[in-house]
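A closer look at the structure
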Amino acid sequence: MNMIKPKRLKSGSKIAIISLSNGLPYLFPDIYEMGLKNLMETFALEVVEMPSARMSPEELYKNPQLRAQDLNDCFENEEIDGIITSIGGYESVRILPFLNKEVIINNPKFIMGFSDATTFLTYLNNLGMVTFYGPSVMAGFAQLRNLPEAYTEHLKAIWFEEQFPYRYAPYQAWTNGYKDWSQLATLGECQPFVENEYGWVFIQGEAIEHGNLWGGCIEVLEFMKSTIYWPRDDFWQDKVLFFETSEEKPSHMQVGYMLRNYGMQGIFSRIKGVIFGRAKDYSAAENVELREILVSIIAKEFGANHVPIVVDFDFGHTDPKLILPLGGRVELNPRTNEVILLESPFE
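The structure contained in this document is the topic of the report that follows. (Residues numbered from 1 in each chain as written. Predicted model: local features only at pLDDT ≥ 70, side-chain atom pairs only at ≥ 80, totals over all residues. Heavy atoms only, no water.)

**Some words on the sheet that holds strand β5 (residues 131–133)**
Short version of the rule: A pair of strands is considered paired only if DSSP assigns at least 2 bridges between the two. A run of H or I in DSSP counts as a helix once it spans at least four residues, and a run of E counts as a strand once it spans at least two, with each numbered from the N terminus. Only the stretch in contact is used when a helix axis is fitted, and all axes are lines through C-alpha atoms; the angle between N-to-C directions ranges over 0 to 180 degrees. Whether two residues touch is decided by their heavy atoms; if any such pair falls within 4.5 Å, the residues are in contact.
If you trace the six strands from one edge of the open sheet to the other, you get β2-β1-β3-β4-β5-β14, paired in mixed fashion. Each edge of the open sheet is held by one strand with a lone partner, namely β2 (46–49) and β14 (324–326). The average undirected angle you get between the axes of adjacent strands in this sheet is 25°. Across two bridges, the pairing between strand β4 (residues 110–113) and β5 is parallel. Bridge assignment links Met 112 to a residue of β5, and that residue is Phe 132. This element, helix α6 (residues 118–126), spans β3 (82–85), β4, β5 and β14 of the sheet and lies at about 145° to β5.

Given below as structure tokens:
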């Protein structure tokens, strides 16, 4: 299946901001506006706030159809070049019945978010369009000036440059989160950084594998299983699945329960690899337990001991984040410890 790719972003591109999951810009306008400012000043993007962007959490919760209409309007509006979410949330799955599939697929555009955005990012990708798992306005862009310069360079390389194949590189340090958004004195600052001594690690696999990326927040994906928005049985061939955990910090056993379902669907016998993001707020001992459960479920229970598994990848709920394009073709190389985006996710 040839993926539908959006047009590449450039200086002056108009980026729509939407709140499809939660109205945190309404509750924390200062950190939200800091994120908008960084998008405009650092990347020379023009920001267009959609009606949902600053709505209250109560209004958004009561109106999933309104949120979906915001997204439909973004794709239908020829002046808008891309879409970035303000923040995540917990129930954007409710907007899916109201999305205009024809309008969206016939007007492909860059769309990015993470966490609860997993719902519409995976669904649109299931329909054939490349979507992007990456930072949001309040979680990733607002903190830009307090994150490593390599993070800004990565965003510019993915968005604006034609340097493909693109070799992902681990960040030299990472943080579990941010300082209190209600305190203006420390606005945009992060929790203490941890030295990224080992980067990511291949805990299984010897052969080089190639496949198309698909995934998101592993807990959010549970909302979609057994619905019409879950991929068809023939979807999983040659996929590289990527998963990460949220700030709710599911235990390694809970992660195992979720993964076992993929095994029971026969998915691990078809895929080319698994990338697991650094688990937010996990201790060193908990990380060891997580690695053990990944191998136990994927290799021992379901016999996929040949599938490369990468852990502690820099994406998801820790910062700085790497952008992973759903539908992008990657190479996993356990021999050189490399993850390579083989082609441009843009047309």
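Additional details are given in the paragraphs that follow.
**Re the pairing of strand β15 (residues 329–333)**
Worth spelling out the cut-off: Think of it in three bands: with a 1.4 Å probe and only protein chains considered, a residue is buried below 20% of the maximum accessible area for its type, exposed above 50%, and partly exposed in between.
For β15, a buried count of four out of five residues is recorded, marking the element as mostly surrounded by other parts of the structure. Both strand β10 (residues 209–217) and β15 contribute to a ladder of four bridges, which runs antiparallel. The partner of Glu 209 across the bridge, within β15, is Leu 332. Hairpin connection, β15 to strand β16 (residues 338–341): the antiparallel pair is bridged by four residues, and Asn 337 has positive phi, about 60°.

**Here's the deal with the environment of Phe 302**
In this fold, Phe 302 is placed in the loop between α10 (284–301) and β13 (309–313). Among the residues examined, Phe 302 registers a relative accessible area of 26% and is labelled partly exposed. Placed 85 residues apart in sequence, Phe 302 and Cys 217 show a C-alpha to C-alpha distance of 22 Å. Residues contacting Phe 302, with those up to four places away along its chain left out, are Arg 260, Gly 263, Met 264, Phe 268 and Ile 297.

**What to know about the pattern of salt bridges**
What counts, and what does not: Salt bridge, as applied in this entry: a Lys or Arg side-chain nitrogen positioned within 4 Å of an Asp or Glu carboxyl oxygen.
In total, this model carries 20 salt bridges according to the counting rule given. Here Glu 222 and Lys 225 are joined by a salt bridge, their closest N and O atoms 2.5 Å apart. Taking the shortest distance from any N to any O, the salt bridge between Arg 278 and Asp 314 comes out at 3.1 Å. Taken together, the residues Arg 278 in the loop between β12 (273–277) and α10 and Asp 314 in the loop between β13 and β14 connect sequence positions 36 residues apart.

**What to know about helix α2 (residues 29–43)**
Convention followed: By this rule the span expected of a helix is its residue count minus one, scaled by 1.5 Å.
Taking 1.5 Å per residue as the helical rise, α2 with its 15 residues ought to reach 21 Å, and the 21 Å between its terminal C-alpha atoms agrees with that figure. Against β1 (14–18), α1 (24–27), β2, β3 and α7 (149–160) lie the buried residues of α2. Immediately downstream of α2, the backbone of Ala 44 shows phi near 55°, a positive value.

**Observations regarding the packing of α2 against α7**
Convention followed: Small angles under 35 degrees read as roughly parallel and large ones over 145 as roughly antiparallel, with 65 to 115 read as roughly perpendicular and the rest as oblique. Residues are grouped as follows: Ala, Val, Leu, Ile, Met, Phe, Trp, Tyr, Cys and Pro are nonpolar; Asp, Glu, Lys and Arg are charged; all remaining types, including Gly, are polar.
Two elements in contact, α2 and α7, have axes separated by 12 Å at closest approach and are oriented at 70°. Here α2 lies roughly perpendicular to α7, going by the angle between them. The segment α2 lies against α7, with Leu 39, Thr 42 and Phe 43 engaging Thr 152, Leu 155, Lys 156, Trp 159 and Phe 160. In the contact of α2 with α7, the residues fall into five nonpolar, two polar and one charged.

**What to know about the environment of Asp 233**
Mapped onto the secondary structure, Asp 233 falls in the loop between α8 (218–222) and β11 (239–244). Taking the C-alpha atoms as reference points, Asp 233 and Glu 41, 192 residues apart in sequence, are found 44 Å from one another. Asp 233 has contacts with Gln 265 and Arg 270, leaving out every residue within four places of it along the chain.

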